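Residues per chain, in single letters:
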Amino acid sequence: MEPGPARDRRSSKSGSYAFAGSTWTTTSRLSRICRPSQSVWLSSLAYPESFHPSFRSRPRRFSLPTLPQLPEPQLLRLRPTSLRTQDISHLLTGVFRNLYTAEVFGDDVSTNLIKARGSEDDVHEEFVDELQQIRKLYKQRLDEFEMLERHIIQANARAIAEKERATHQAKVQALEPNIKMPPVKTIFRWCVDNKLLQKHHLICPDDYYSDPVPFCSAPKGSCEPGYLKLTFSCEQHATPKKEWAKKPAAPPCRELPRRPEDESDYTMDSLAWDSCLKAKGRTTETAKKASPPRNKSWMDHLPMPQRRLERLLLAKMENRTCFLRNPRFFPPNTPRGGKSLIFPPRKPEGEFQSGELSPADVPVFIANPPVIFFTDYEIGSVYEMVISLQNTTSTSRYLRVIPPATPYFSLGLGMFPGDSGMVAPGMICQYTVQFFPDCLGDFDDFIVVETQSAHPLLIPLQARRPPPVLTLPPVLDCGYCLVGEMKVSTFLCKNVGFSAAKFCVIPKKTWPPTSFRAVKISGFVEQPPFGIMPSVFELAPGQEILMEVWFLPTSFGKAEQTFVMACDNCQIKELVTSGMGQLVALELVYISGEKSQPEPGELTDLTAQHFIRFEPENLQSTARKQLLIRNATHVELAFHWQIMVPNLQALMPGETYSPDRIKSYPDRETAFAMTPERGTLNPFADHEFILSFSPHQLKDFHSVFQMVIEDVPELEGFNLETPCYTANDVIVLEVEVKGSAEPFQILLEPYALIIPGENYIGLNVKKDFRMWNNSRSRIRYMWGKICDCHIIEVEPCMGTIAASEVEDFELKFTGGVPGPTSQDLLCEIKDSPWPVVLHIEATFKGPALVISVSALQFGLLRLGHKATKCIRIQNTSPLSAAWLLKESSVCLEERQEGVSPFDIEPSSGEVHPLGECRVSVTLEARQAQCLQTVLVLEVVNGPWSYLPVYAEVQEPYVYLQSSRVVVSNLYLGVPTKADITLINGTLLPTRFHWGKLLGHQASFCKAKVSPRRGIVGPGEEFQLILELTAHTQRDPAFSCAEARRTQESGQGGL
């Protein structure tokens, strides 16, 4: 059974282990680490971060906690038999079971899963995401591990180098003990980055060093190792008590010289710092006193001071037997040798300074020039150069010169300053070196000068002709070329060197030639499928030439040939010509929109590889599809499109078409177009094409687009100098396209506008409506306009409406004539055969004028008089009203009058909106009558009004109640009175006055009426008194007349 802790270590989401935060390292990686500091670091990787407490918080060594002993799980893998093996796979198998034994995801599987992501399965996508995160974390931990390992290895290497340096310093001081102990304290703590180790939870030197860090760097110098220092007890046993207080004198023997490398270039740690300071204060005598003697048997007989005195005596005895030798047999700058005239001697203290030469390395002779160098030589010439050898010591010296070993250099006899062949101090001897070149190549040799020095003097002999430097690349890449086509590539070859040279290009298969004379010098070298021209040329410094490489591939794939370029300075260079043969290959990789498939039973073109169907479109509208065509070759291809009529043929299942039935006819009535129509396909690139469909008729369209590659070569014979190939146009891609046209679908909402009520003419009535474009494409509309008697227009009058969109419009209807009207407004749709009709119905009215009185009453008028009445005409509409007031012509015809008795002022005019005006109507009584007529108020574009007029025209009429007065008793000369009654027979007040007597007897009497004049009211009976006086006695008879004030209305008499 699987133990419980193993289940707890798994994550519930991703299924990874709880130890995923640790870095797991394979055995091969761990096997390379053998140092203790690194083994401690690696051991920390085997535990999670919770097992690493802070090392700074604990002063003592960390001990692992005691874990409770768990029952051993059932083993699924055998335990290894060896007790020293590090294999723990059986433990991992028992804990993790299938998670450990199952097949792991390697790098290839993980990479493929991540690259092929995009599945519709959400669980798989989540798994791939977690796998990618785990791989990223795994790589990050591996990088950290490599960085830590490299850092620790470098720190350990620096510590080992310091250790070796200190050990070598101890050997120089001849203090090598028999006991092998560490010479100095390790400086590993100063070479490693403690913070970096603590960051990754590793043990660092700060965890086991408790001494403080010094504030300044330790001084450089030689320090005595700690194990060589005498202890207190050792000093007591090795030194007598009587000599303890004495300071031993310095021995006269010569001390060993110190070497420059004894100086420390590194800084010791804090523990070695104190010991170095103490050791530096001691003298060399004290250090020698502490060193053990070479002969151990003396330790039992002589004390150390006695041994020192004995050695001093032996040295004095040896000095008596030493004789002086010739200084020339000693190296310069030595106590017995001569001094060097160039290099100063070392200091008397014997300290070896940096930059000084040891006595054995001090040169005796120096050569001038130090290197014999020949340049700019030619074949067959002899070149000479003189070399001088100068004695740089203070003693005369002999020398021996060994000539060159090659036959190209020779050495002449030497010229010495004396006859003995010895060179005095500072003097020179000369030798002549000759050079005999047989080619323009490089020559190397040397001359050996043997002197009394420990090292011979070597004088190099070199012959270097500046080689030509060509800018020609080592690989002449001709690029890509179609099979059967020739491509000529030019390469600039310039000599940027300092010497002229001749070059020859030869195929490698014929190199080396038996004789250069047999090499074909024709200016052209051929090695199919490549050729190079020119094959022989010469370039001076700074001169350049264009080299042509002809490439004529015969098969698909990479072609490579090697040529050898030989120079006249015996140098060769390989030129590799390469190229790729290409075949025409195009691929339609993308078509925008939904994938098109032919309907079952639908006839399609026999040779087309692709099928594209457009959705039904409106006339003159354009639908586009994007096509991506990939040029799978690395060569530019010139192309053009041609539109052909499809070859439609019904085939039975399994039946193939016959090529004889394929006919090619251009489609002249196509509605399809391809952009760009022609051009060049760039090498190995995707090119975008726009396939557009713009129907111009209501029908179905069916065409085939053929992409034609121009001038595709076809090789007929292979010869680089005279290639034979033909170029033809090849159809490489056929795309079948179909589409249909449909009329525009336009809907008006509402389809008819009925304007309610009555509207005033001249005022703009607005009404909103909408137009829906249910078509598949954008429409362009333009509304018409009516301007005959009414003005009808739409805003906006023109524009566009996108597919499946709606546009709001506003109808402006201005009435010109009152009354109901019905109109049809047309909207022209571009490229549509039928317009859109909007039906409109409305009723209009003109301005309305109201007369202030319902009837015009003139009343009773006297004949011949005039009466005036005023009326008000009020405009109750918002329009200006033009009016005309006159008597009805019908009434005039009934009275049989041609001229109206009415005088109207003003008789016409215009009333502002909601305004009024006053009109005076004057009636002239021309005849007595009872007048009943009508005045007509005519309103332009408005309803007429009718005003009745009433008038009674009368003339005065007065009569006597009795037209005869009989006076019975009349006396001559006596006035006699009689009563008479005057009656007014009309409703008009009438003025009267009595006139004189009339008749033939008027002169015989006198009559007087009282009152003589006056006014008789309407229908009144007026009493008058007639006083008659007769002047004769016969019966008189007379008459009187009556008149009105203003005009005569009648007469009467008695």
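Residues numbered from 1 in each chain as written. Predicted model: local features only at pLDDT ≥ 70, side-chain atom pairs only at ≥ 80, totals over all residues. Heavy atoms only, no water.

The name given to the chain in an unreviewed UniProt entry is DLEC1 cilia and flagella associated protein, with Myotis myotis as the source organism.

**A closer look at the overall build of the chain**
Here is the rule we go by: Secondary structure counts use DSSP, requiring at least four H or I residues in a row for a helix and at least two E residues in a row for a strand, with both numbered from the N terminus. Only the protein chains shown count as cover for residues, and all accessible areas are computed by the Shrake-Rupley method using a 1.4 Å probe.
If you tally the helices and strands in the chain, you get 14 helices and 50 strands. Carbon and sulfur atoms form 53% of the exposed surface of the chain, whose accessible area is close to 63400 Å².

**Things to note about the pattern of salt bridges**
This is how it is decided: Salt bridge criterion: a side-chain nitrogen from Lys or Arg within 4 Å of a carboxyl oxygen from Asp or Glu. Note on classification: 1.4 Å probe, protein chains only; a residue is buried when its accessible area is under 20% of the maximum for its type, exposed when over 50%, partly exposed between these limits.
Across all of its chains, the model carries 18 salt bridges by this definition. Across the pair glutamate 742 and arginine 776 runs a salt bridge whose closest N-O atoms are separated by 3.0 Å. You can see glutamate 742 sitting in the loop between strand S26 (724–740) and strand S27 (746–749) and its partner arginine 776 sitting in the loop between strand S29 (764–773) and strand S30 (779–783), a full 34 residues away along the chain. By relative accessible area, glutamate 742 is classed as partly exposed at 21%.

**Let's talk about the sheet that holds strand S42 (residues 916–924)**
Sheet strands pair via backbone hydrogen bonds, and the direction of the pair is either parallel or antiparallel. This is how the line gets drawn: The criterion for strand pairing is that DSSP finds at least two bridges linking the strands in question. The axes used here are C-alpha line fits, helices contributing only the stretch in contact, and every angle between their N-to-C directions lies in the interval 0 to 180 degrees.
Strands sit in the order S36-S38-S42-S40 across an open sheet of 4 strands; the sheet is antiparallel. Among the strands making up the open sheet, the edge pair consists of strand S36 (849–851) and strand S40 (902–905). Shown here is a sheet whose adjacent strand axes are inclined to one another by a mean of 25°, direction ignored. Looking at chain direction, S36 and strand S38 (residues 866–875) are connected through 3 bridges and run antiparallel. Paired with valine 850 across the strands is glutamine 874, a residue of S38.

**Structural notes on unusual backbone geometry**
Across the chain, the bulk of peptide bonds are trans and the bulk of non-glycine residues have phi less than zero. Put simply, methionine 533 and proline 534 share a cis peptide bond, and its omega is -5°. Along the polypeptide, proline 534 turns up in the loop between strand S13 (530–533) and strand S14 (536–539). Cis geometry is adopted by the peptide bond preceding proline 796, which originates at glutamate 795 and carries an omega value of -5°. Take proline 796: it is sitting in the loop between strand S31 (791–795) and strand S32 (798–801). The backbone of histidine 201 shows a phi angle near 60°, a positive value even though the residue is not glycine. One can find histidine 201 in the loop between helix H9 (194–199) and helix H10 (232–238). Histidine 201 gets classed as partly exposed once you look at its relative accessible area, which sits at 34%. For glutamine 620, which is not glycine, the phi torsion reads 60° and is therefore positive. The topology assignment puts glutamine 620 in the loop between strand S19 (610–613) and strand S20 (623–631). Taking relative accessible area as the criterion, glutamine 620 reaches 39% and is therefore assigned partly exposed.

**Description of the nonpolar core**
Across soluble globular proteins, nonpolar side chains show a tendency to be buried alongside one another. Heads up, the condition is: Throughout, nonpolar core names a set of buried Ala, Val, Leu, Ile, Met, Phe, Trp, Tyr and Cys residues whose side chains join them through atoms within 4.5 Å. The contact rule is simple, with two residues in contact once any of their heavy atoms fall within 4.5 Å.
Membership of the largest hydrophobic core comes to 28 residues, with the highest contact counts inside it found for Phe858, Trp883, Leu885, Val919, Val921 and Leu935. The residues contacting leucine 885, other than those within four sequence positions of it, are Ile871, Ile904, Ser907, Val919, Val921, Leu935, Val936 and Leu937.

**Remarks on the sheet that holds strand S7 (residues 443–450)**
The mixed open sheet is built from 4 strands, whose spatial order is S2-S8-S7-S4. The open sheet has two edge strands with one neighbour each: strand S2 (372–374) and strand S4 (400–402). Across the sheet, the mean angle from the axis of one strand to that of its neighbour is 15°, orientation sign disregarded. Where S7 lies against strand S8 (residues 457–463), 7 bridges are found, and the strand directions are antiparallel. Within S8, the residue paired with valine 449 across the bridge is leucine 457.

**Here's the deal with the confidence of the model for the chain**
What counts, and what does not: Confidence scores here are pLDDT values: one per residue, from the predictor, ranging 0 to 100.
Here the chain averages 76 in pLDDT, while 73% of its residues score no lower than 70. Taken together, the stretch residues 241–291 has pLDDT below 50 and engages in 81 contacts with residues farther than four places along the chain or on a different chain. Note that residues 1041–1052 has pLDDT below 50 and, in this model, 34 contacts with residues that lie over four places away or in other chains.

**Describing the packing of aromatic side chains**
Here is the rule we go by: Each aromatic pair joins two rings of Phe, Tyr and Trp (for Trp, the six-membered one) with centres within 6.5 Å, and gets the label stacked for planes under 30 degrees apart, edge-to-face for over 60, and tilted for any other angle. Lysine NZ or arginine CZ positioned within 6 Å of the ring centre and within 35 degrees of the ring normal marks a charge as sitting over the ring.
Tallied over the entire structure, the rule returns 27 aromatic pairs. Note on phenylalanine 435 and phenylalanine 443: the rings are 5.3 Å apart at their centroids and 70° apart in plane angle, and the pair reads as edge-to-face. Of the residues examined, phenylalanine 435 reaches a relative accessible area of 0% and is grouped as buried. Exposure remark for phenylalanine 443: the relative accessible area of 6% places this residue in the buried category. Measuring from centroid to centroid gives 5.8 Å for tryptophan 783 and phenylalanine 809, while their planes differ by 70°, and the two rings are edge-to-face. Taken together, the positions of tryptophan 783 in strand S30 and phenylalanine 809 in strand S33 (residues 805–814) put the pair 26 residues apart, joining distant regions of the chain. One exposure class covers both tryptophan 783 and phenylalanine 809, and it is buried. Put simply, the rings of Phe374, Tyr377, Tyr383, Tyr408, Phe409, Phe435 and Phe443 touch in pairs and so form one group of aromatic residues. In this arrangement the basic side chain of arginine 189 is found over the ring face of tryptophan 190, its NZ or CZ atom lying 4.5 Å from the centre.

**A short note on the environment of histidine 912**
With respect to the helices and strands, the residue histidine 912 is situated in the loop between strand S41 (908–911) and S42. Given a relative accessible area of 57%, histidine 912 falls into the exposed group. Look past the residues within four positions of histidine 912 in its chain and what remains in contact with it is Asn875, Leu879 and Ser880.

**Details of the side chain of lysine 738**
As a reminder of what qualifies: For this analysis, a polar contact is any N or O atom pair within 3.5 Å, provided that within protein one partner can donate a hydrogen and the other can accept it, and provided that sequence-adjacent residues contribute only side-chain to side-chain pairs.
Structurally, the position occupied by lysine 738 is in strand S26. The buried category is assigned to lysine 738, whose relative accessible area is 16%. Side chain to side chain, lysine 738 and glutamate 602 meet in a polar contact 2.4 Å long. Residue contacts for lysine 738: discarding those within four places in its chain leaves Glu602, Leu603, Phe611, Ile612, Arg613, Phe614, Phe672, Phe701 and His702.

**Here's the deal with the pairing of strand S15 (residues 544–551)**
Pairing geometry for strand S10 (residues 487–494) and S15, over 8 bridges, is antiparallel. Bridge pairing in S15 links cysteine 493 to isoleucine 545. Across 4 bridges, the pairing between S13 and S15 is antiparallel. From the neighbouring strand, isoleucine 532 faces S15, where its bridge partner is valine 549.

**Section: the side chain of serine 877**
For serine 877, the location among the structural elements is in the loop between S38 and strand S39 (881–887). Side-chain polar atoms of serine 877 contact the side chain of asparagine 875, separated by 2.8 Å.

**Side note on the environment of glycine 909**
Relative to the helices and strands, glycine 909 is located in strand S41. Among the residues examined, glycine 909 registers a relative accessible area of 29% and is labelled partly exposed. Sequence-wise, glycine 909 and leucine 885 are 24 residues apart; in three dimensions their C-alpha atoms are separated by 9.2 Å.

**Focus: the state of the cysteines**
Put simply, the test is: By definition, disulfides here are pairs of cysteine sulfur atoms that lie within 2.5 Å.
If you walk through the whole model with that rule in mind, you get 0 disulfides. With no disulfide of its own, cysteine 481 lies closest to cysteine 478 among cysteine sulfurs, the gap being 8.9 Å.

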